[in-house]
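Examination of the molecular architecture
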Amino acid sequence: MRKITTTTLVLGMVLLAGAPARADARVKDGTVGLSVKGKGLRVKTAGGWVDGHGTGVRARLYTVYKGQRSNVTHWKDATPVSAGTTKFSSADWRLNRTFRDGTWLCIQFNQASGTPCAKIHR
């Protein structure tokens, strides 16, 4: 059995403490996707996409916490994007906002049925 010295233990704790906590998620539900970037309970940016182009495509973010739904953003026009033969519409927000532990952050598009959600937790 290998002997662990105090120096090794302290060094390991410092390395673990220095590692950044990540709160990034990428979720897809049908033709709709959600991307969340942040650290811990703080969400810096969130956005999503829906496959295909369409006129009047809009999106909004909402949360679900203990069964209660709350809108985080208002409806926003999605931007049509073409990358080679792939076509999608996307919407992004800079939130810089802290949420409660266990909150679900979701995206909804007005012309798609999928509503992917990412759980925000420590």
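Above this text is the structure in question.
Just so it is clear, the model here is predicted, and its values are computed rather than measured. (Residues numbered from 1 in each chain as written. Predicted model: local features only at pLDDT ≥ 70, side-chain atom pairs only at ≥ 80, totals over all residues. Heavy atoms only, no water.)

Quick look at the nonpolar core now. Val43, Leu61, Leu95, Leu105, Ile107 and Phe109 are the most contacted members of the largest nonpolar core, which totals 22 residues. Of all the secondary-structure elements, those providing two or more residues to this core are β2 (32–39), β3 (42–51), β4 (58–65), β8 (86–98), β9 (103–109) and β10 (117–120). (Core = buried A, V, L, I, M, F, W, Y, C linked by side-chain atoms within 4.5 Å. Buried < 20%, exposed > 50% of the residue type's maximum accessible area, 1.4 Å probe, protein only. Helix = DSSP H or I, 4+ residues; strand = E, 2+ residues; numbered from the N terminus.)

Let's shift gears to the pairing of β4. One ladder, built from two bridges, connects β4 with strand β6 (residues 76–77); its direction is antiparallel. By the bridge assignment, Arg58 is partnered in β6 with Asp77. Where β4 meets β9, six bridges bridge the pair, whose relative direction is antiparallel. Within β9, the residue paired with Tyr62 across the bridge is Cys106. In this structure, β4 lies alongside strand β5 (residues 68–71), joined through four bridges in antiparallel fashion. Bridging across to β5, Tyr62 finds its partner in Asn71. (Pairing = 2+ DSSP bridges.)

Once that is clear, we can look at the environment of Ile120. Relative to the assigned elements, Ile120 resides in strand β10. As for Ile120 and Gly102, which are separated by 18 residues in sequence, their C-alpha atoms are 5.6 Å apart. Those residues in contact with Ile120 that lie beyond four places of it in its chain are Gly40, Leu41, Val43, Phe99, Arg100, Asp101, Gly102, Thr103 and Leu105. (Contact = heavy atoms within 4.5 Å.)

A complete count under the given rule lists one disulfide for this structure. There is a disulfide in this structure between Cys106 and Cys117, and the S-S distance comes to 2.0 Å. Torsion about the S-S bond of the Cys106 and Cys117 cystine: about 110°, corresponding to right-handed handedness. Taken as a pair, Cys106 in strand β9 and Cys117 in strand β10 lie far apart in primary sequence, eleven residues in all. On the basis of relative accessibility, which here comes to 1%, the residue Cys106 falls in the buried class. (Disulfide = S-S within 2.5 Å.)

A word on the pairing of strand β7 (residues 79–83). As paired elements, β7 and β8 share five bridges and run antiparallel to each other. What sits directly across from Ala83, in β8, is Thr86. In sequence, β7 turns back onto β8 through a hairpin of two residues, with Gly84 there showing a positive phi of about 70°.

As a further point, take the pattern of salt bridges. Scanning the entire structure with this criterion turns up one salt bridge. In this structure, Lys28 and Asp51 form a salt bridge, with 3.9 Å as the shortest nitrogen-oxygen distance. One end of the pair, Lys28, is in strand β1 (residues 25–29); the other, Asp51, is in strand β3, with 23 residues separating them in the sequence. Judged by its relative accessible area of 41%, Asp51 is partly exposed. (Salt bridge = Lys/Arg side-chain N within 4 Å of Asp/Glu carboxyl O.)

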